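Geometric and topological summary
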Amino acid sequence: MLFIKNDQELVPRVLLDEYDTAKLVRIADLSLEELREKPINLEFEFNRKLQLFLSGRNLLLEEVPFSIEEIHEHVRHGYVAYRQGIVSEGGGYCCRRCGNRDLQLFYSFACARCKQSCVYCRQCIMMGRVTQCTPLLEWTGPKPDFHFEDALVWSGTLSPSQAEASEKIKEAVRERKDLLVWAVCGAGKTEMLFEGIEEALRLGLRTAVATPRTDVVLELTPRFRNVFPEVSISSLYGGSEDRHRFAPLVITTTHQLLRFKNAFDVMIIDEVDAFPYAADEMLQQAAEAARTENSALVFLTATPKEAWQRECFSGKRNCVILPARFHRHPLPIPKFVWCGNWRKEIEKGRIPVPVLKWFRERLEIGKQALVFFPNIELMEMALPLFRQFDERIEAVHSEDPLRKEKVQAMRDRVVPILLTTTILERGVTFPNIDVAVVGAEDDTFTESALVQIAGRVGRNPKYPDGDITFFHHGQTRAMVRARNQLLRMNRDARAKGLVDG
Ligand SMILES: [Zn+2]
Ligand SMILES: [Zn+2]
């Protein structure tokens, strides 16, 4: 969109029938002074629908289903501002939607709209192109207010450690603090968010629960809708339909946070260590930009990175540790079994003997198991070797089109043993399984991956135990750290009386 710069005012070209082409400008070429928002005119009757739609967002014109006439009226009265999408900065550029500053991620093209060479951001292009002639729209009027007294309708009870975490989360919400919740796999982290969110809704604080994975958004949404029946909750992921409404509580992928700005007074990020969030600076910046200045930030994880672990132990980071599972049984501890050069064996068409023995024992007694491999190629080489013993054995990986069906077949106990890559390290739970990692020394298996894999076992209160074996050709620091982490959690849990037996 282009503007006409008149003496007093900036007007979108499309609103004028006649104009002086010498006065045509792109938003990127205006000064901040020229773009400064107008003072709010309290007499102006703003459109509440536009307020609900745009508040806390950072959107392209084509993403806003209101006419440019109406939007511009709101700009004139100080309720909406045009912001630059791409700004020049110290010889380079910055994308104001995704925070990108990497020169290699900016391209320029001969733009049909502004009729000149126009720079755009490639990093966030999947959400529509932001160029030098693209304004981003921001709501600058009053925020929509809401207030829910006792929004939570839930009759469950929290375990003592969940209750402790829940208190800390409420405190972080009230005092707008940062908090790390380090909870073992199976601690029951969703429930301990309930009271903190209730508190936020009572205080009129807009809240986001963000997670790197769409699966988790889909799983959490109905649970939150159930316990907060009166609250409008939107559920955001690529292709979801809730995009266009205001909600005091938003369950979202970390990607969708790119569409928000200055929106959330409480930001809860689940699985903060998971792909792609942990490795993607853009998503981290998006989460930062989506928070309001004075906001609470709660991170949830079962496997914080090493630096954070240290900060927790030294007291530098406000944190609460939940060392025990909800069902009060200790965490199963992995065994290390040396299996020689497993890679070579598999390439030669043989299953390493210790792995074979483990596998046949499970097949004989009919105990289901997951067997993790470091990569797809080796797993596919191994599959026919395992299938010689039972044709129902399957293998699954991230690009597998039948992924869902195979996981379901495992749930239905049609598949006795499922070979997998790290794709199943999180999220999926089967009630009664054993787990093996073949090649646990491989770089793919970081400390946190191994803790997550071990966390698949013994989740169900009926089957709180299970075998975890790391087959390796040389122990790694990651393996040892993973085992020590689990041992320490069990020790802490025992000392606090959080496990039985
Ligand atoms: Zn961008
Ligand atoms: Zn352009």
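Bear in mind the structure is a predicted one, so any value in this text is a computation, not a measurement. (Residues numbered from 1 in each chain as written. Chains lettered and ligands numbered in written order. Predicted model: local features only at pLDDT ≥ 70, side-chain atom pairs only at ≥ 80, totals over all residues.)

Secondary structure summary: the protein contains 14 helices and 23 strands in total. With respect to the principal axes defined by its C-alpha atoms, the protein has extents near 85 × 55 × 40 Å. Put simply, the protein has 501 residues, and 45% of those count as buried. In the protein, once contacts between residues fewer than 6 apart in sequence are set aside, the share between residues at least 24 apart is 74%. (Helix = DSSP H or I, 4+ residues; strand = E, 2+ residues; numbered from the N terminus. Buried ≥ 20, exposed ≤ 12 C-beta atoms within 10 Å, placed from the backbone. Contact = placed C-beta atoms within 7 Å.)

It is worth spelling out the sheet that holds strand 1 (residues 3–5) at this point. Either a parallel or an antiparallel arrangement is found when strands of a sheet pair, and the pairing is made through backbone hydrogen bonds. The antiparallel open sheet is built from three strands, whose spatial order is 2-1-3. If you trace the sheet from one side to the other, it starts and ends with strand 2 (10–12) and strand 3 (24–25), each paired once. (Pairing = 2+ DSSP bridges.)

It is worth spelling out the environment of Y107 at this point. Here Y107 is to be found in strand 8 (residues 106–110). Along the primary structure Y107 and R122 are separated by 15 residues, whereas in three dimensions their C-alpha atoms are 7.0 Å apart. With residues up to four places along the chain from it excluded, the contact list for Y107 reads Y120 and R122.

What follows concerns the sheet that holds strand 13 (residues 233–236). The strand order across the open sheet built from seven strands is 13-14-12-15-16-11-17, with neighbouring strands paired in parallel fashion. Only two strands of the sheet have a single neighbouring strand rather than two, namely strand 13 and strand 17 (319–322). Pairwise comparison of adjacent strand axes, ignoring direction, gives a mean angle of 15° for this sheet. In terms of strand pairing, strand 11 (residues 178–183) meets strand 17 through four bridges, oriented parallel. Each bridged residue has a counterpart across the sheet, and for L180 the counterpart in strand 17 is C319. Together, strand 11, strand 15 (264–270), strand 16 (291–301) and strand 17 form the strand contacts of helix 4 (residues 160–175), whose direction differs from that of strand 11 by roughly 165°. (Axes fitted to C-alpha atoms, helices over the stretch in contact; angles between N-to-C directions.)

Listed under "domain: Helicase ATP-binding" (unreviewed entry) in the UniProt record, and renumbered for this structure, are residues 170–322. This span, residues 170–322, is 31% helix and 27% strand, and a straight line between its end C-alpha atoms measures 16 Å. (UniProt positions renumbered as here; feature names shortened; annotations may be inferred.)

Another aspect to go through is the domain arrangement of the protein. When the domains of the protein are assigned, the result is domain 1 (2–139), domain 2 (160–322) and domain 3 (335–495). A C-alpha centroid distance of 30 Å is found between domain 2 and domain 3. On the side of domain 3, nine residues touch domain 2, which itself brings 12 residues to the contact. When the residues that make up the side of domain 2 that touches domain 3 are grouped by side-chain class, the tally is six nonpolar, two polar and four charged. (Domains from an automatic or database assignment. Nonpolar A, V, L, I, M, F, W, Y, C, P; charged D, E, K, R; others polar.)

So, about unusual backbone geometry. The phi angle at K115 is positive, at roughly 55°, despite the residue not being glycine. In this structure, R328 takes a positive phi of about 65° despite not being glycine. As for its placement among the helices and strands, R328 is situated in the loop between strand 17 and strand 18 (335–338).

As a further point, take the pairing of strand 19 (residues 368–372). Put simply, side chains in a regular strand alternate between the two faces of the sheet. Counted residue by residue, strand 19 has four buried out of five residues, so it is predominantly covered. Sheet topology note: the strand 19/strand 22 (residues 433–438) ladder contains five bridges and is parallel. Residue pairing in the sheet places F372 in a bridge with V437 of strand 22. As judged from the four bridges shared by strand 19 and strand 21 (residues 417–420), these two strands associate in the parallel manner. Bridging from a neighbouring strand, F372 pairs with T420 of strand 21.

This next bit is on the environment of T221. Locating T221 in the fold gives a position in helix 6 (residues 214–227). Separated by 13 residues in sequence, T221 and S234 have C-alpha atoms that sit 8.1 Å apart. Once residues within four sequence positions are removed from consideration, T221 is found in contact with I233, S235 and I251.

This brings us to helix 7 (residues 281–290). Where helix 7 is concerned, the buried positions are M282, L283, A286, A287 and A290. Down the axis of helix 7, the buried set is contained in an arc of 140°. They therefore lie on one face. At its buried positions, helix 7 is contacted by strand 12 (207–211), strand 15 and strand 16. (Arc of directions from axis to C-beta.)

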